[in-house]
Amino acid sequence: MKKVDYIIVGSGLAGILFAEVLIRQNKSFIIIDDASQQSSIVAGGLYNPVVLKRFTEVWKAKEQLEIALPIYQHLEALLQVKLDFKIPVRRLFHSVEEQNNWFIASDKPALSEFISTRIMVNDNQCLNADFGFGEVLQTGRIDTNTLVDAFVKLQISKNQFLKESFDYEALKIVENKIQYKNTEAFHIVFAEGFGLKQNPFFNRLPLNGAKGEFLTIHAPDLKIDYVLKSSIFLIPLGEDLYRVGATYEWEDKSNDITQKAKDELLRKLKAFLQCDFKVVDQVAGIRPTVKDRRPLVGEHSEHKNMYILNGLGTRGVMIAPYVAQKLFDFIENKIPLEKEINSNRFQE
Ligand SMILES: Cc1cc2nc3c(=O)[nH]c(=O)nc-3n(C[C@H](O)[C@H](O)[C@H](O)COP(=O)(O)OP(=O)(O)OC[C@H]3O[C@@H](n4cnc5c(N)ncnc54)[C@H](O)[C@@H]3O)c2cc1C
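Each value, and the rule that gives it
Counting restarts for each chain, with residues numbered from 1 along the sequence as it is written. Totals for whole chains, interfaces and linings use every residue, but because this is a predicted model, local features are given only for residues with pLDDT of at least 70 and side-chain atom pairs only at 80 or more, for both listing and counting. Side-chain calculation: all heavy atoms of the structure are included, whereas hydrogens and water are not. Definition of nonpolar core: a set of buried residues of the types Ala, Val, Leu, Ile, Met, Phe, Trp, Tyr and Cys, connected through side-chain atoms within 4.5 Å. Here the term buried applies to any residue with accessible area under 20% of the maximum for its type, exposed to any over 50%, and partly exposed to those in between, with areas from a 1.4 Å probe on protein chains only. Only DSSP runs of H or I with at least four residues qualify as helices, and only runs of E with at least two residues qualify as strands; both kinds are numbered from the N terminus onward. Residues are classed as near a molecule or strand on a simple rule: at least one heavy atom within 4 Å of it. Within 3.5 Å is the distance limit for a polar contact, defined as a pair of N or O atoms, with the added protein rule that one can donate a hydrogen and the other accept it, and that residues adjacent in sequence qualify only through two side-chain atoms. Values of accessible area rely on a 1.4 Å probe in the Shrake-Rupley scheme; residue burial ignores everything except the protein chains shown. Under this grouping Gly is polar, as are all residues other than the nonpolar Ala, Val, Leu, Ile, Met, Phe, Trp, Tyr, Cys and Pro and the charged Asp, Glu, Lys and Arg. DSSP calls a pair of strands paired once it identifies at least 2 bridges connecting them. To get an axis, fit a line to the C-alpha atoms, keeping to the stretch in contact for a helix; angles then go from 0 to 180 degrees between the N-to-C directions. With respect to orientation, any angle under 35 degrees is reported as roughly parallel, any angle over 145 as roughly antiparallel, any angle of 65 to 115 as roughly perpendicular, and every other angle as oblique. We call two residues in contact when some of their heavy atoms are within 4.5 Å.

1. Thoughts on the nonpolar core
Line of reasoning, step 1. One finds Leu17, Phe18, Tyr72, Leu309 and Leu327 to be the most contacted residues of the largest nonpolar core, which totals 68 residues.
Line of reasoning, step 2. Counting residues per element, this core draws most heavily on helix H7 (residues 316-333), which supplies 11 residues.
Line of reasoning, step 3. Val4, Tyr180, Leu196 and Phe346 belong to the second-largest nonpolar core, a separate cluster that totals 26 residues.

2. Quick word on the site of the ligand
Line of reasoning, step 1. In the vicinity of the ligand there are 38 residues, among which Asp33, Ser36, Ser40, Phe166 and Gly313 approach most closely.
Line of reasoning, step 2. With respect to the ligand, the backbone of glycine 45 contributes an N or O atom lying 3.0 Å from an oxygen atom.
Line of reasoning, step 3. Between phenylalanine 166 and the ligand, the recorded distance is 2.9 Å, taken from a backbone N or O atom to a nitrogen atom.
Line of reasoning, step 4. Burial of the ligand by the protein chains amounts to 95% of its free accessible area of 1,000 Å².
Line of reasoning, step 5. Elements represented by at least two residues in the shell around the ligand include exactly helix H1 (13-24), strand S2 (29-33), helix H2 (39-42), strand S15 (210-218), strand S19 (278-287) and H7.
Line of reasoning, step 6. Among the elements that line the shell around the ligand, the one with the most residues is H2, at three residues.
Line of reasoning, step 7. Per-class residue counts for the shell around the ligand are 15 nonpolar, 17 polar and six charged.

3. As for the pairing of strand S20 (residues 296-299)
Line of reasoning, step 1. When S20 meets strand S21 (residues 306-310), the two strands line up antiparallel, connected through four bridges. For leucine 296, the partnering residue across the bridge sits in S21 and is asparagine 310.
Line of reasoning, step 2. Once S20 ends, the chain turns through six residues before running back antiparallel as S21.

4. Looking at the packing of H1 against helix H3 (residues 61-79)
Line of reasoning, step 1. The interhelical angle for the contact between H1 and H3, taken along N-to-C directions, is 80°, at an axis separation of 11 Å. Judged by the angle between their axes, H1 and H3 are roughly perpendicular. Contacts from Leu13, Leu17, Glu20, Ile23 and Arg24 in H1 reach Ile71, Tyr72, His74, Leu75 and Leu78 in H3.
Line of reasoning, step 2. Of the residues belonging to the contact of H1 with H3, the class tally is seven nonpolar, one polar and two charged.

5. Re unusual backbone geometry
Line of reasoning, step 1. The omega torsion across glycine 245 and alanine 246 is 5°, close enough to zero to call that bond cis.
Line of reasoning, step 2. In this fold, alanine 246 is placed in the loop between strand S18 (241-245) and helix H6 (259-270).
Line of reasoning, step 3. A positive phi angle, close to 65°, is found at asparagine 176, a residue other than glycine.
Line of reasoning, step 4. As for its placement among the helices and strands, asparagine 176 is situated in the loop between strand S12 (171-174) and strand S13 (177-180).

Written as structure tokens, this is what we have:
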């Protein structure tokens, strides 16, 4: 029997960021993933402290950024890959009213350090942006695809990764320990994203899931070196490639790409992009969104060594490092979880 401190189910952002805490704290683990969910692989990877629809602060933005950025730096060193691309985000204004609302927002104490008050004039022929842009500060993009890929490869090389669907029926609780096939652990953390729906221990939690699709376009004349936000995001990837998206869809829970999403994204893109481009890729994934838009972090009501780390929603990049640390402190240091994120605010 292999003995570890933790079993983690899911190697998306939630599972990886929890494993990162374990690595720093010298705890042993195995991590299990069957590649059934795509959210962390297809994500835009943006971190941005401002809600660009309403010009308000993202929930706990400052606290989350302070925790997250050094952790991604640690992961870069551990995995020997570049993950954090510092890049400004510019909000395209559609009216004078939006410009005024931007100024008003920049005066709010919680937002002033994140919003530049200067209205930027558009000098790019490819863009239709008569009212200019407002720039958000302290933004960037984490290359989540590279993170997942490099992290999984490292765990495979260390013999602590199982590529399989977690078999919930094979899980046994014996004398306060978890047994799963030939592994014994003190704790198990479920971080399956939308895959939570198959988990008999936690699937009554209100994870609704919001499907999102992205296009990748090749636009050789566009030449922008910032993330542009209009009704959708345009994210430069280098080599004249850009991510365009994403959509929000609440009925379809598959990871399949659709013509409907492609049409919607092209329509929105053409409203502000005036030069030639070619679509070269399309991807889809389910964001693990929760009814009240807060993460699901906590322990099972009956099985005390069974935990959940989920509900990262639309902003996994910023939230994952924060909630991973909170869960670890709860398990190992008995620090109570904030009510707002504790999964016990709902019945399992
Ligand atoms: C189109 C799109 C764009 C996005 N853009 C951004 C963005 O710009 N910035 C941002 O911060 N967030 C963004 N997000 C949200 C972000 O992707 C999520 O918040 C985050 O990735 C969720 O991570 P997770 O680990 O909880 O879930 P997932 O990434 O879904 O990971 C769960 C993992 O568990 C595995 N799994 C599930 N069930 C089982 C099982 N039974 N057995 C074994 N393995 C299992 C899955 O294979 C998967 O690897 C975006 C999401 C989408 C879809």
